[in-house]
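Structure assessment
Here is how the chains run, residue by residue.
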Amino acid sequence: MSAETAIESIFQQVVRRNPGEDEFHQAVHEVLETLGPVLVKHPEYAEHKIIERICEPERQIIFRVPWQDDNGHVQINRGFRVQFNSALGPYKGGLRFHPSVYLGIIKFLGFEQIFKNALTGMPIGGAKGGSDFDPKGRSDGEVMRFCQSFMTELHRHLGEYTDVPAGDIGVGAREIGFLFGQYKRITNRYESGVLTGKNPHWGGSLVRREATGYGTVFFVDEMLRARGQSLEGRTCLVSGSGNVAIYAIEKLEELGAKVVACSDSNGVIHDPDGISLETVKQLKEIERRRISDYIKHRPRAKYHAGASIWDIPCDVALPCATQNELGETAARRLVANGCIAVAEGANMPTTPGGIRVFEEARIAYGPGKAANAGGVATSALEMQQNASRDAWTFEYTEKRLHAIMRDIHGRCFEAAEEFGSPGNYIVGANITGFRRVAEAMLAFGLI
Ligand code: GLU
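Here goes a summary of the coordinates provided. (Residues numbered from 1 in each chain as written. Predicted model: local features only at pLDDT ≥ 70, side-chain atom pairs only at ≥ 80, totals over all residues. Heavy atoms only, no water.)

1. Some points on the overall build of the protein
The condition that has to hold: Going along the chain from the N terminus, every DSSP run of H or I of four or more residues is numbered as a helix, and every run of E of two or more is numbered as a strand. Exposure is judged per residue with a 1.4 Å probe applied to protein chains only, and the accessible area is read against the type maximum: over 50% gives exposed, under 20% gives buried, and values in between give partly exposed. Contacts are assigned to residue pairs with any non-hydrogen atoms lying within 4.5 Å of each other. A positive count includes Lys and Arg, and a negative count includes Asp and Glu. His and the chain ends are not counted in either. Positions of charges follow a simple convention, taking NZ of Lys, CZ of Arg, CG of Asp or CD of Glu.
When helices and strands are tallied, the protein shows 18 helices and 12 strands. Put simply, the protein has 447 residues, and 57% of those count as buried. Taking all contacts inside the protein whose residues are at least 6 apart in sequence as the whole, residues at least 24 apart take part in 72%. Here the protein carries 51 positive and 55 negative side-chain charges, and the mean point of each set is 3 Å from the other.

Here it is in structure tokens:
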């Protein structure tokens, strides 16, 4: 049986064993289809069923989260934590609070996290968690009661050497504060390293807030440099307007690029003069409003309800919103408009059809596993500071992040060459991440 046939049969088995989990199937397919050359070079991986084992989470926890809203009504949500792989370190990965969350979303995110975390070179395993709770329109009191109830169950599965959650969509510094407070209260331990993304006043790391967005820009900068190009003077699109998008815009501007559009799930802001980051921060970080309010502050900008941001001409596109936000049609439009680079700040934002378009056009395409790994890498730096009871400066921490992103780029670039797909960062990222995990699993015996 050829390596490709063996892999296809493993994939079919994953689909059968995990019915209805489309996003998980998509994430697994995206990794497995690049692993053929690795199995040829390392027959021991097939013999020990490493791929089959990696596709099966080590542990999946699903639990009830009851809480009371401001009207005194009882609400019930579902909580998840999928502890996917701990070969390289304690489980590590964010929590997502969004109404779309179900097991298939958490599993796709957890699966991606294994390889992303391995790629950073830091000692962290892969996990993801969250809930179908919708924080939109909820008061601080409601969010607090939800977080306390969520942690009341989850705390028994966590620990700085066991599992270390952080934020993702719908989970920022406010939620991490409530979660940490409840963990501390239940366990009677000030265990800083049990969560990352904490406020720097009480154990968080400087640069963690900026890290995913900054890291994505460092990555796209590296991809351009490898082609003898730069970000200077480039016109950019950044989808989303959450934490990742905001700090991607900030770093793009710092490096001399111009961001002309951003978005939320309702519509797109097009500001040809360059997005006012101050306005976006005020609306999203402080007032928690929709991006449509932007035009009240910047009358020359346009708001297009329900439009696709990818229709706007650009040199560089950074999808920083959510999964499957950039499909085949959008990808064709970007390429036709002269886009030279795409880097994913979000997890799996480009559909398989979109990826094919970028590959055929041979533009620089950085998959999320590599491009957005700066967030979790800085979480690992936060764990390092917590373990040594230290706090680093912004400058030093950013320097570390920059070096990590350069290394990730270098590893992906070299692995893609070694395995016969020069310039293909998907191949490079998947193979590099997979090999690290596979080697550890082999060393541990049958686990
Ligand atoms: N949610 C982020 C990610 O997708 C960060 C996870 C973390 O810092 O643990 O990588």
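2. What to know about the environment of Pro 123
With respect to the helices and strands, the residue Pro 123 is situated in the loop between α6 (103–119) and β4 (126–131). Placed 205 residues apart in sequence, Pro 123 and Glu 328 show a C-alpha to C-alpha distance of 36 Å. Once residues lying within four places of it in the same chain are set aside, the contact partners of Pro 123 are Leu 88, Gly 89 and Pro 90.

3. Let's talk about the site of the ligand
Heads up, the rule is: We call a residue near a molecule or strand whenever a single non-hydrogen atom of that residue lies within 4 Å of it. Here a polar contact means two N or O atoms within 3.5 Å. Within protein one must be a hydrogen donor candidate and the other an acceptor candidate, and residues neighboring in sequence count only if both atoms are side-chain atoms. Asp, Glu, Lys and Arg are counted as charged, while Ala, Val, Leu, Ile, Met, Phe, Trp, Tyr, Cys and Pro are counted as nonpolar; the rest, among them Gly, fall into the polar class.
What surrounds the ligand is a group of 13 residues, the closest being Lys 92, Lys 116, Gly 167, Asp 168 and Ser 379. Contact between the ligand and Ser 379: an oxygen atom at 2.6 Å from a side-chain N or O atom of the residue. Of all elements in the fold, only β3 (91–97), α6 and α16 (374–387) reach the threshold of two or more residues within the shell around the ligand. At three residues, β3 tops the list of elements feeding residues into the shell around the ligand. Of the residues that constitute the shell around the ligand, the class distribution is two nonpolar, six polar and five charged.

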